[in-house]
Amino acid sequence: MLTCGYPYNTNVGDAKSYGPELEMAAKITDAITVDLSAAYTQAFINAPKETPGLPLSPGTAVTNIPKYTGTWQ
């Protein structure tokens, strides 16, 4: 958001993400199966570009990327 209140979108440089993911399915009975999944994600700006008014340094976290996720059914 700019100081005048208007939103501003721009490319801030190169990003990197990595992390493990685990998926598992278990048949408990003939009628019941359980599915599980979990993930850990590191996402960060690794090569920021010069953006006026937006000081970024290498290692800044990427927004809206959850570090931990998981599901079960």
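As a starting point, this report considers the structure included with it. (Residues numbered from 1 in each chain as written. Predicted model: local features only at pLDDT ≥ 70, side-chain atom pairs only at ≥ 80, totals over all residues. Heavy atoms only, no water.)

### Description of the sheet that holds strand β2 (residues 21-27)
Selection rule: Pairing between two strands requires that DSSP report at least two bridges joining them. By definition, any uninterrupted DSSP run of H or I lasting at least four residues is a helix, any uninterrupted run of E lasting at least two residues is a strand, and each is numbered from the N terminus. Fitting a line to C-alpha atoms yields each axis, with helices limited to the stretch in contact; the angle taken between N-to-C directions then spans 0 to 180 degrees.
Strand order in the open sheet formed by three strands is β2-β3-β6, with antiparallel pairing between adjacent strands. Each edge of the sheet is formed by a strand with only one pairing partner; in this case those strands are β2 and β6 (68-72). Across the sheet, the mean angle from the axis of one strand to that of its neighbour is 5°, orientation sign disregarded. Sheet topology note: the β2/strand β3 (residues 33-40) ladder contains seven bridges and is antiparallel. By the bridge assignment, Lys-27 is partnered in β3 with Thr-33.

### Re the packing of aromatic side chains
To keep things clear, this is the line we draw: We call Phe, Tyr and Trp rings a pair once their centres come within 6.5 Å, taking the six-membered ring for Trp, and we label the pair stacked below 30 degrees between planes, edge-to-face above 60, and tilted otherwise. A 1.4 Å probe rolled over the protein chains alone gives each residue an accessible area, and that area as a share of the maximum for its type sets the label: buried under 20%, exposed over 50%, partly exposed in between.
Applying the stated rule across the entire model yields two aromatic pairs. Arranged with centres 5.3 Å apart and planes meeting at 50°, the rings of Tyr-40 and Tyr-68 form a pair that is tilted. Here the residue Tyr-40 occupies a position in strand β3, and Tyr-68 occupies one in strand β6, the gap between them amounting to 28 residues. What makes Tyr-40 partly exposed here is its relative accessible area of 27%.

### Thoughts on unusual backbone geometry
Positive phi, normally seen in glycine, also occurs at Asn-64, with a value near 65°. Within the secondary structure layout, Asn-64 lies in the loop between β5 (60-61) and β6.

So yeah, pure geometry; function would need other evidence.
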